[in-house]
Amino acid sequence: MKSNDLVRGFQKLWAPWRMKYIERIDSPKDEGCIFCTKPAADDDSGNFIVHRGKTCFVILNIYPYNNGHIMVIPNRHTANISDLGAEEKLELMETIDLTIQALREAYGPDGFNVGANMGRTAGAGIAEHLHFHIVPRWNGDTNFMPVIGCTKVICESPEDTYARIKPVFDKLLEDAG
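So, how was this worked out
- Residues numbered from 1 in each chain as written.
- Predicted model: local features only at pLDDT ≥ 70, side-chain atom pairs only at ≥ 80, totals over all residues.
- Heavy atoms only, no water.
- Salt bridge = Lys/Arg side-chain N within 4 Å of Asp/Glu carboxyl O.
- Helix = DSSP H or I, 4+ residues; strand = E, 2+ residues; numbered from the N terminus.
- Buried < 20%, exposed > 50% of the residue type's maximum accessible area, 1.4 Å probe, protein only.
- Pairing = 2+ DSSP bridges.
- Contact = heavy atoms within 4.5 Å.
- Polar contact = N/O pair within 3.5 Å; in protein donor to acceptor, adjacent residues only side chain to side chain.
- Expected span 1.5 Å × (residues − 1).
- Axes fitted to C-alpha atoms, helices over the stretch in contact; angles between N-to-C directions.
- Parallel < 35°, antiparallel > 145°, perpendicular 65-115°, else oblique.
- Left-handed = near helix turned anticlockwise from the far one by under 90°.
- Nonpolar A, V, L, I, M, F, W, Y, C, P; charged D, E, K, R; others polar.

(A) Region of the structure containing the pattern of salt bridges. This model, assessed by the stated rule, comprises 6 salt bridges. Measuring nitrogen to oxygen at the nearest pair gives 2.9 Å for the salt bridge that ties R76 to E88. Of this pair, R76 sits in the loop between β3 (70-74) and α4 (86-107) while E88 sits in helix α4; the two residues are 12 residues apart in sequence, bridging distant segments of the chain. The class for E88 is buried, based on a relative accessible area of 13%. A salt bridge links E156 to R164; the nearest nitrogen and oxygen atoms lie 3.7 Å apart. Its relative accessible area of 13% is what places E156 among the buried residues. Judged by its relative accessible area of 37%, R164 is partly exposed.

This is the structure:
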């Protein structure tokens, strides 16, 4: 296939919420670690923090790999899981489990990718602060767009994801007592 063939076959994707990401690329970078500054800002809905625990919190990934992409992050600023104490590790795993339950109830996915990219070489965008990604997956969610078109379509804005998932977290926590 020649490059001219690709240009003729080019289709437009309507994703106006991505403009925030585009504008941010060339903007001055935030001072400090966003996984430290966002929770300190006391603006959970504005920063898409859906849950706060004693030693960790849950935040939406505002540049998601898939709809419902969420991260679980220890409060402690460290890149190394070995720096966390037993209580922190236990709550981290319990919160990952809670997040999977919430995503299962809110989205009904067929499976999940759960993991951490530790270190820049491993793919961590923010390597200095440990974080775990929970990405819901559906049968057939890898369709022609990413395979042929090299384009991933995220059809839900972060605001809509927050509005969908936050009440589910709240209900699960209330039911747990």
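Having seen it, we continue.
(B) Main features of the pairing of β3. Counting buried residues in β3 gives 5 out of 5 residues, a clear majority hidden from the surface. Neither face of β3 is exposed, since I70, V72 and P74 on one face and M71 and I73 on the opposite face are all buried. Note: strand β2 (residues 56-60) against β3, 5 bridges, orientation antiparallel. Of the residues in β3, the one forming a bridge with C56 is P74.

(C) Seen up close, the environment of G115. In this structure, G115 sits in strand β4 (residues 111-115). You can call G115 partly exposed: its relative accessible area is 28%. Taking C-alpha positions, G115 is 5.3 Å from F132, a pair spaced 17 residues apart along the chain. When neighbours within four sequence positions are excluded, G115 is seen to be in contact with H131, F132 and H133.

(D) Summary view of the side chain of H131. Relative to the helices and strands, H131 is located in the loop between β4 and β5 (132-137). The exposure class assigned to H131 is buried, which follows from its relative accessible area of 6%. Polar contacts involving the side chain of H131 include one to the main-chain carbonyl oxygen of H129, which spans 2.8 Å. There is a polar contact of 3.5 Å between the side chain of H131 and the side chain of H133. Residues within four places of H131 in sequence aside, it is in contact with F35, M71, V72, I73, G115, A116 and I126.

(E) View of helix α6 (residues 158-176). With 19 residues, α6 should cover 27 Å at 1.5 Å per step; its first-to-last C-alpha distance of 26 Å lies within 8% of that length. Taken as a whole, α6 has its buried residues at P158, T161, Y162, I165, V168, F169 and L172.

(F) Inspection of the packing of α4 against α6 at higher detail. Viewed as axis vectors pointing N to C, α4 and α6 meet at an angle of 120°, and their least axial separation amounts to 9 Å. Considered as vectors, α4 and α6 are oriented oblique to each other. Crossing of α4 against α6: the hand is right-handed. Between α4 and α6, the residues in contact are L98, T99, Q101, A102, L103, E105, A106 and Y107 and T161, R164, I165, V168, F169, K171, L172 and L173, respectively. Its residues placed into classes, the contact of α4 with α6 shows 10 nonpolar, 3 polar and 3 charged.

(G) Representation of the side chain of N47 in the model. By secondary structure assignment, the location of N47 is in the loop between α3 (34-40) and β1 (49-52). Relative accessible area serves as the criterion here: at 13%, N47 is assigned to the buried category. At a separation of 3.3 Å, a polar atom in the side chain of N47 contacts the main-chain carbonyl oxygen of K38. Beyond its immediate stretch of four places on either side in the chain, N47 contacts K38, A41 and I59.

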